[in-house]
Amino acid sequence: QVYLVESGGGLVQAGESLRLSCTASGINFKIYTMNWHRQAPGKQRELVASIESSGRTNYTDAVAGRFTISRNNARNTVFLQMNSLKPEDTAVYYCHTRAWGSDRWGRGTQVTVSS
């Protein structure tokens with residue numbers, strides 16, 4: 001069974017930082033691309049950042065330059081460092097990977113940014 005467990009969300013003011021973590025179990029973590037998605041109220045879920053097994057990263061334009069995705073394969077953990085947070089970053093953030101042909105999701109962690 002594949003489990004993805006997020007942590008690190010919270011309530012912050014605009015301009016502050018948060019670091020999200022997602023720890024995986026049940027997969028050979030180091031070979032998989034890991035993703036962070038988010039879903040704001042009334043909006044569709046969107047891909048925020050990805051990190052491949054090689055360490056190559058990709059970001060959506062809205063967060064490029066402010067967010068950094070990284071991974072620690074020894075700890076089966078992927079991180080999302082979020083700096084200069086804006087109220088529009090408010091959303092539930094989900095960890096995701098695609099393993100054995102199926103999408104695997106965590107339960108999400110709430111990030112709320114007040115203005």
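The structure under discussion appears in the preceding block.
Quick notes on the rules
- Residues numbered from 1 in each chain as written.
- Predicted model: local features only at pLDDT ≥ 70, side-chain atom pairs only at ≥ 80, totals over all residues.
- Heavy atoms only, no water.
- Disulfide = S-S within 2.5 Å.
- Helix = DSSP H or I, 4+ residues; strand = E, 2+ residues; numbered from the N terminus.
- Buried < 20%, exposed > 50% of the residue type's maximum accessible area, 1.4 Å probe, protein only.
- Polar contact = N/O pair within 3.5 Å; in protein donor to acceptor, adjacent residues only side chain to side chain.
- Pairing = 2+ DSSP bridges.
- Axes fitted to C-alpha atoms, helices over the stretch in contact; angles between N-to-C directions.
- Salt bridge = Lys/Arg side-chain N within 4 Å of Asp/Glu carboxyl O.
- Contact = heavy atoms within 4.5 Å.

Colleague: Could you give me a rundown of the state of the cysteines, with the residues and numbers involved?
Modeller: Covalent bonding between the sulfur atoms of two cysteines defines a disulfide. Taken as a whole and judged by the stated rule, the model has one disulfide. With a sulfur-sulfur separation of 2.1 Å, C22 is cross-linked through a disulfide to C95. Handedness here is read from the sign of the S-S torsion; for C22 and C95, about -80°, the answer is left-handed. Here C22 is found in strand β3 (residues 18–25), whereas its partner C95 is found in strand β9 (residues 91–99), with 73 residues between them in sequence. The same class applies to C22 and to C95, which are both buried.

Colleague: Go over the side chain of T109, please, and point to the residues and values.
Modeller: Relative to the helices and strands, T109 resides in strand β11 (residues 109–114). Here T109 falls in the buried class, since its relative accessible area comes to 11%. For T109, the side chain forms a polar contact with the main-chain nitrogen of G9, separated by 3.1 Å.

Colleague: Describe the sheet that holds β3, listing the residues and the values that go with them.
Modeller: Judged by pairing direction, the sheet is antiparallel, and its four strands sit side by side in the order β1-β3-β8-β7 without closing on themselves. Each of the sheet's edge strands pairs with one partner strand only, and the pair in question is β1 (3–7) and β7 (67–72). Across this sheet, the average inter-strand angle for adjacent strands is 15°, counted without regard to direction. Strand direction decides the pairing type here: β1 and β3, joined by five bridges, are antiparallel. The residue of β3 that forms the bridge with S7 is S21.

Colleague: So what about the pattern of salt bridges? Which residues, and what values?
Modeller: Summed over all chains, the structure comprises four salt bridges. Between D89 and R66 there is a salt bridge, and its shortest N-O distance comes to 2.8 Å. On the criterion of sequence distance, the pair formed by D89 in the loop between β8 (77–82) and β9 and R66 in the loop between β6 (57–59) and β7 is long-range, its members being 23 residues apart. Across this residue pair, the class does not change: D89 and R66 are buried. Residues R98 and D103 are paired through a salt bridge, measuring 3.2 Å at the closest nitrogen-oxygen approach. Given the relative accessible area of 46%, R98 is considered partly exposed. Among the residues examined, D103 registers a relative accessible area of 43% and is labelled partly exposed. Sharing partners across several salt bridges, the network here consists of R38, E46, R66 and D89.

Colleague: Can you break down the environment of G42 residue by residue, with the values?
Modeller: Tracing the chain through its elements places G42 in the loop between β4 (34–39) and β5 (46–51). Of the residues examined, G42 reaches a relative accessible area of 88% and is grouped as exposed. For the pair formed by G42 and L20, sequence separation is 22 residues and the distance between their alpha carbons is 22 Å.

Colleague: Kindly report on the side chain of H96, identifying the contributing residues and their values.
Modeller: Locating H96 in the fold gives a position in strand β9. On the accessibility criterion, H96 (8% relative accessible area) is buried. Engagement of the side chain of H96 in a polar contact is seen with the side chain of D103, the distance being 2.8 Å. Not counting chain neighbours up to four residues away, the residues in contact with H96 comprise L4, T33, M34, N35, H37, D103, R104 and W105.

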